[in-house]
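Tertiary structure, described
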Amino acid sequence: DTEVTQTPKHLVMGMTNKKSLKCEQHMGHRAMYWYKQKAKKPPELMFVYSYEKLSINESVPSRFSPECPNSSLLNLHLHALQPEDSALYLCASSPEWVPEQFFGPGTRLTVL
Amino acid sequence: GQQLNQSPQSMFIQEGEDVSMNCTSSSIFNTWLWYKQDPGEGPVLLIALYKAGELTSNGRLTAQFGITRKDSFLNISASIPSDVGIYFCAGQLVKGGSEKLVFGKGMKLTVNP
């Protein structure tokens, strides 16, 4: 398995909802990332997990809560989001000590 | 913070033409990466560059790591319609590890058949 998978592909939620995004990779990569991407902009780093521990939090609001249950899975829990949080949320992974990051297809999130 | 200046921001070319794009920075990078992103999809890694002066090809793609380590270019030869998309450069400041990538703003390529 040589890909990063993300579910769901699309998600529409209200501002009072709680939802979760899921990311999975079975390439043995030790680092996993969450990015947010607005239209016509580059990906913007949110969180980095290294060896299942949170190593970088780019001052992301607490309404986004990451979780890494094991080395293959990365979740992003969403609660009380704002319409401006609507974006493409990308997950990526990278092997140990290698800079190349491999991206999943993303989850298109719409907050109403 | 560090920024990558990517140019041009967009290009409209005819099928069969070559296209070139570049990224520059005031910071020295240890690694340069080039990605392509199709609409509604995640970026796909095209080429990775690790050494100053390195020239690497991947099919019709050629990329170089600038000798000053502050720039990189990507060339696409004999463009085809499926080359359409947004091309991002990305640099990593720190050798190895799960460190941040700095992304350019992207270059939107349109290929007219």
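Definitions and limits used
Residues numbered from 1 in each chain as written. Chains lettered and ligands numbered in written order. Predicted model: local features only at pLDDT ≥ 70, side-chain atom pairs only at ≥ 80, totals over all residues. Heavy atoms only, no water. Pairing = 2+ DSSP bridges. Helix = DSSP H or I, 4+ residues; strand = E, 2+ residues; numbered from the N terminus. Axes fitted to C-alpha atoms, helices over the stretch in contact; angles between N-to-C directions. Contact = heavy atoms within 4.5 Å. Buried area = accessible area lost by both parts, 1.4 Å probe. Salt bridge = Lys/Arg side-chain N within 4 Å of Asp/Glu carboxyl O. Polar contact = N/O pair within 3.5 Å; in protein donor to acceptor, adjacent residues only side chain to side chain. Nonpolar A, V, L, I, M, F, W, Y, C, P; charged D, E, K, R; others polar. Buried < 20%, exposed > 50% of the residue type's maximum accessible area, 1.4 Å probe, protein only. Disulfide = S-S within 2.5 Å.

What follows concerns the sheet that holds strand 1 (residues 5-7) of chain B. All names here are of chain B. Taking strand neighbours across the sheet as the criterion, the five strands line up as 1-3-8-7-6 in an open arrangement whose pairing is antiparallel. Edge positions in the sheet fall to strand 1 and strand 6 (55-58), since each of these pairs with one other strand and no more. Averaged over all adjacent pairs, the angle separating strand axes in this sheet is 15°, with direction ignored. In this sheet, strand 7 (residues 61-65) lies alongside strand 6 in antiparallel orientation, the contact comprising four bridges.

Attention now moves to the interface of chain B and chain A. Contacts between chain B and chain A engage 22 residues on the former and 25 residues on the latter. Here chain B packs against chain A, burying approximately 1800 Å² in sum over the two surfaces, 61% of which is carbon and sulfur. Applying the counting rule to chain B against chain A returns two salt bridges. K100 of chain B serves as the salt-bridge partner of E58 of chain A, at 3.4 Å between the closest nitrogen and oxygen. Counting every contact that joins chain B to chain A gives six residue pairs in polar contact (both at pLDDT 80 or more). Only strand 4 (31-37), strand 5 (44-49), strand 9 (85-92) and strand 10 (101-103) of chain B provide two or more residues apiece to the side of chain B that touches chain A. Counting residues per element, the side of chain B that touches chain A draws most heavily on strand 4 of chain B, which supplies four residues. The residue inventory of the side of chain B that touches chain A, partitioned by class, reads nine nonpolar, nine polar and four charged.

The subject of this paragraph is the pattern of salt bridges. One pass over the structure, following the stated rule, counts seven salt bridges over all chains. Residue K9 of chain A pairs with E41 of chain B through a salt bridge whose shortest N-O separation is 3.5 Å. Of this pair, K9 of chain A sits in the loop between strand 1 (4-7) and strand 2 (10-13) while E41 of chain B is found in the loop between strand 4 and strand 5, placing the two residues in two different chains. E41 of chain B sits in the partly exposed class, given a relative accessible area of 33%. Two residues, E24 of chain A and K22 of chain A, come together in a salt bridge whose shortest N-O distance is 4.0 Å. On the basis of relative accessible area, E24 of chain A is assigned to the partly exposed category, the value being 24%. Beyond isolated ion pairs, a larger network of salt bridges with shared partners links K36, R63 and D85 of chain A.

For the rest of this paragraph, the subject is the pairing of strand 3 (residues 18-25) of chain A. Residues and elements named next belong to chain A. Examined bridge by bridge, strand 1 and strand 3 share four bridges and lie antiparallel to one another. Considered in strand 3, the bridge of Q6 is made with C23. Bridge count between strand 3 and strand 8 (residues 73-79): seven bridges; the pairing is antiparallel. When the sheet's bridge partners are listed, K22 is paired in strand 8 with N75.

Another point: the environment of F103 of chain B. One can find F103 of chain B in strand 10. Each C-alpha atom of the pair F103 of chain B and Y35 of chain B lies 9.7 Å from the other, and the pair is 68 residues apart in sequence. Dropping the residues within four chain positions of it, F103 of chain B is found in contact with Y35, P42, P43 and F103 of chain A together with L4, Y35, F88, C89 and A90 of chain B.

The next point concerns the state of the cysteines. Put plainly, a disulfide is one covalent bond tying together the sulfur atoms of two cysteines. As enumerated under the stated definition, the model contains two disulfides over all chains in all. In this model C23 of chain A forms its disulfide with C91 of chain A; the gap between the sulfur atoms is 1.9 Å. For the disulfide bridge between C23 of chain A and C91 of chain A, the dihedral angle about the S-S bond is near -70°, and by the sign convention the bridge is left-handed. One end of the pair, C23 of chain A, is in strand 3; the other, C91 of chain A, is in strand 9 (residues 87-94), with 68 residues separating them in the sequence. One exposure class covers both C23 of chain A and C91 of chain A, and it is buried. Here C23 of chain B pairs with C89 of chain B through a disulfide, and the sulfurs are 1.7 Å apart. When the S-S torsion is -85°, as for the bridge of C23 of chain B with C89 of chain B, the disulfide is left-handed. Separated by 66 residues along the polypeptide, C23 of chain B in strand 3 (residues 19-24) and C89 of chain B in strand 9 bring together distant segments of the chain.

Structural measurements only, silent on function.
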